Amino acid sequence: MQPVSPILLVTRGLDPVGTGRQVELAAAGLAAAGYEVAVAVTSTGGSLADRLLAGGAGLHVVGRRPGVDAAATARLAGLVARLRPAAIIGFGRSQAIPLAVAKRLTPWCRFILWLGLPPRRWRTAWAIARLDGVVASGPEIAATCRRWGVAAGRIVVVPPGSAASIGLGLSRAEVAMRLGLDPAKHWTLAVAPLEAESRLQRLLWAIDQLGVVRKDLEHVLVGAGPLLEHVRRRARAQELAERLFIVPHCDILPDLLGQVRLVWQSGGVALGGPILDGMARGLPAVAVESDAARQLIIDGETGRIVPAVPESEFPRRAFGILEDDSLARAYGEAAAARAAGVFPAERFIAGLVAAIRGK
C-alpha cells in the first residue's frame, strides 16, 4: 500500500552537519520511500534550506528571525492547517513548543519530535509530553524524557544515520579562499551553537595551548547564538584571532569536512556537532565526555574521549592525533568503518517510517 502523504519536516535554519544532516537524510530517505516531503524552516540562517530545495523538497520558510519565536509558531500552525500532512517530524528541542501548539489546532496529524539532546526545561518537557511520539537518538535521551514524564510507550530510540554529504567539489585552495584560511596549514573543525551548553571556553583554551606547540594550525568554529560576540571578544583577548575563524553559518561545510585534519567538540552538542559527519569522511574526533561522545566515539580506536577535568587533556589528546599521521589515519579508517556499520542511514530512515506509522 502506498504511504500516506505528505510528511512535514520542521527544523531550524541549520547547516548540513549534526542535526541538519539528519534532516537532510530524512528528507531524501522518506522521499525514496514514496512519501511526499515538505519542510518548514522556523528560523533564519544556514544553508540547509537551499540544499533541501535543490533536492526537491517542498520548502516553507515560517521563521524570519534567528530564533524560533511566537510568530514562527503561529505561521507553522497555519501551514499545518493548509497542508494537512499525515505526520509531522520536528528536529530538535526548539521545535517542541511549536509542535505542541500546532497539535492543539490540528489534532488529526501525528506529531513526532526527534531529539539529539535531552530536554532541559520544564516547558520543553511539557510540550514533548503532549506529542504523539519521540524519536531519541540515544538511550540517555530517552531516559531523560521518561524522567520528565513522557510516557515510555511514546518514546523510541533510533540511532542517527550516517552518510558522507555531497559538497560543491571545491578544492582545498578554493575552500581556503572562501574562508580566509591558509591552505598550507592543518585545519580543525568544531560546529556548535554559541551558547553555554557548548562550553566553548574549553575550546578556546585548547586552541591557545595548541598554539604554543604548533604554529601550523588553523581552527574553524561554525556556530551562531547568543554568545557570538562574547566568544569573539574572548578570542581577541586570548590573541587567537589569527588562528581561530568563527563563522556563524558555512555553506561549504561538506567541502570543508573533506579538508580538515580533526573534528572536535568541547561540550554538549547534538550528535557532537560534526563528529558523525566527520566519521563518514574518515576523520578522527576528540571530544570532552558527553552522551553524544560516548555513543559515537570508541576511545582509543576512532578518536579520543577526554574528561572535562583536567582541562589539559582536551588539547593534549588533540595534539597527539595532529602530531602522528599514522595514528590519525588509523583512527580515521576505524571511524569510517564504524559510521558505515553502526550508523547506517537506512536504519535511521526505517526508524522514522516506523514512528510515522505508529509502530
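The residue numbers shown here count from 1 along each chain, following its written sequence. The model is predicted, so local features are restricted to residues of pLDDT at least 70 and side-chain atom pairs to those at 80 or more, both for listing and for counting; the totals for chains, interfaces and linings are taken over all residues. As a rule here, side-chain values come from all non-hydrogen atoms in the structure, and water together with hydrogens is ignored.

**Student:** How should the sheet that holds strand β9 (residues 217-222) be read in this particular structure?
**Tutor:** Across a sheet, paired strands are connected by hydrogen bonds in the backbone, their directions being either parallel or antiparallel. Any two strands with at least two DSSP bridges between them are considered paired. We count a stretch as a helix when DSSP gives it H or I for four or more residues in a row; a strand needs E for two or more, and each element gets its number in order from the N terminus. Taken together, six strands build an open sheet; the order of strands is β10-β9-β8-β11-β12-β13 and the sheet is parallel. Lying at the two open borders of the sheet, with one neighbouring strand each, are β10 (244-247) and β13 (303-306). Each adjacent strand pair in this sheet contributes to an overall mean axis angle of 20°, direction not counted. Summarising the sheet, strand β12 (residues 285-288) and β13 pair through four bridges and their orientation is parallel. Bridge pairing links valine 286 to arginine 304 in β13. The contact rule is simple, with two residues in contact once any of their heavy atoms fall within 4.5 Å. Whenever a helix is involved, its axis is fitted only over the stretch in contact; in every case the axis is a line through C-alpha atoms, and angles between N-to-C directions fall within 0 to 180 degrees. Lying on the sheet, helix α7 (residues 172-179) is in contact with β8 (186-191) and β10; it crosses β8 at an angle near 60°.

**Student:** Would you explain the environment of valine 135 in this entry?
**Tutor:** Topologically, valine 135 is positioned in strand β6 (residues 133-136). Relative accessibility thresholds used throughout: buried, under 20% of the residue-type maximum; exposed, over 50%; partly exposed, between the two (1.4 Å probe, protein chains only). Residue valine 135 is classed as buried on the basis of its relative accessible area, which comes to 0%. Residues valine 135 and valine 156, spaced 21 residues apart in sequence, show a C-alpha to C-alpha distance of 5.2 Å. Sequence-distant contacts of valine 135, that is, excluding residues within four places in its chain, are made with Ile112, Leu113, Trp114, Leu115, Val156, Val158, Leu352 and Ala355.

**Student:** Would you take a moment to explain α7 for this structure?
**Tutor:** One turn of an α-helix holds 3.6 residues; hence residues three or four places apart share an orientation. Considered for burial, the residues of α7 that qualify are Val175, Ala176 and Leu179. All buried residues of α7 lie within an arc of 100° about the axis, which places them on one face of the element. Residues of α7 that are buried sit in contact with β8, β10 and α10 (253-257). The arc in question is the one spanned by the directions pointing from the helix axis to the C-beta atoms.

**Student:** Please explain the sheet that holds strand β7 (residues 155-157) as it appears in this structure.
**Tutor:** Taken together, seven strands build an open sheet; the order of strands is β3-β2-β1-β4-β5-β6-β7 and the sheet is parallel. Every other strand in the sheet has two partners, leaving β3 (58-61) and β7 as the edge strands with one partner each. Between one strand and the next, the sheet's axes are offset by a mean angle of 20°, whatever the strand orientation. Taken together, the four bridges between strand β2 (residues 37-41) and β3 define a ladder with parallel strand orientation. Each bridged residue has a counterpart across the sheet, and for valine 41 the counterpart in β3 is valine 61.

**Student:** What's the story with the packing of aromatic side chains in this structure? I'm lost.
**Tutor:** Two descriptors summarise a pair of aromatic rings, namely the distance from one centre to the other and the angle between the planes of the rings. For this analysis, a ring pair means two rings from Phe, Tyr or Trp (six-membered ring only for Trp) whose centres lie within 6.5 Å, classed as stacked if their planes differ by under 30 degrees, edge-to-face if by over 60, and tilted for the remaining angles. Scanning the entire structure with this criterion turns up two aromatic pairs. Ring geometry for phenylalanine 91 and tryptophan 114: centres 5.7 Å apart, planes at 35°, overall tilted. Separated by 23 residues along the polypeptide, phenylalanine 91 in strand β4 (residues 87-91) and tryptophan 114 in strand β5 (residues 110-115) bring together distant segments of the chain. Phenylalanine 91 sits in the buried class, given a relative accessible area of 1%. On the basis of an interplanar angle of 35° and a centroid distance of 5.1 Å, the ring pair of tryptophan 264 and phenylalanine 314 is categorised as tilted. Of this pair, tryptophan 264 sits in strand β11 (residues 262-265) while phenylalanine 314 sits in helix α13 (residues 313-323); the two residues are 50 residues apart in sequence, bridging distant segments of the chain. Across the pair, exposure class does not vary: tryptophan 264 and phenylalanine 314 are buried alike. Note on criteria: charge over ring means Lys NZ or Arg CZ within 6 Å of the ring centre, with the direction from the centre no more than 35 degrees off the ring normal. It is arginine 84 that lies over the ring of tryptophan 108; its NZ or CZ is 4.1 Å from the centre.

**Student:** Explain the nonpolar core here, please?
**Tutor:** Side chains that are nonpolar tend, in soluble globular proteins, to be buried together. In this text, buried Ala, Val, Leu, Ile, Met, Phe, Trp, Tyr and Cys residues form a nonpolar core when linked through side-chain atoms within 4.5 Å. Among the nonpolar cores identified, the biggest contains 33 residues, and Leu189 and Leu256 are the most heavily contacted of them. Within the second largest apolar cluster, 31 residues are counted, among which are Val37, Ala49, Leu52 and Ala345.

**Student:** Can you walk me through a nonpolar patch on the surface in this structure?
**Tutor:** Where nonpolar side chains cluster on the molecular surface, the patch consists of Ile97, Val101 and Leu105 and spans about 250 Å² of accessible area. Looking at leucine 105, the relative accessible area reads 57%, which means it is exposed. Distance thresholds for patches are 9 Å for like charges and 5 Å for nonpolar side chains (Val, Leu, Ile, Met, Phe, Trp, Tyr), applied to residues having over 30% relative accessible area and no salt bridge. Shrake-Rupley sampling with a 1.4 Å probe provides the accessible areas, and residues are treated as covered by the protein chains on show and by no other component. A carboxyl oxygen of Asp or Glu within 4 Å of a side-chain nitrogen of Lys or Arg is what we treat as a salt bridge.

**Student:** What is the right way to look at the pairing of strand β1 (residues 7-11) in this model?
**Tutor:** Summarising burial for β1: five of the five residues are buried, a large majority. Residues of β1 alternate between two faces, with Ile7, Leu9 and Thr11 on one and Leu8 and Val10 on the opposite face, all of them buried. With five bridges joining them, β1 and β2 adopt parallel strand pairing. Counterpart to valine 10 in the pairing with β2 is alanine 40. Crossovers are marked right-handed if the path from the first strand over the helix to the second runs clockwise, as seen with the strands pointing away from the viewer. Regarding topology, helix α1 (residues 19-32) serves as the crossover connection from β1 to the parallel β2, and that connection is right-handed. Note: β1 against β4, four bridges, orientation parallel. Bridged to leucine 9 within β4 is isoleucine 89.

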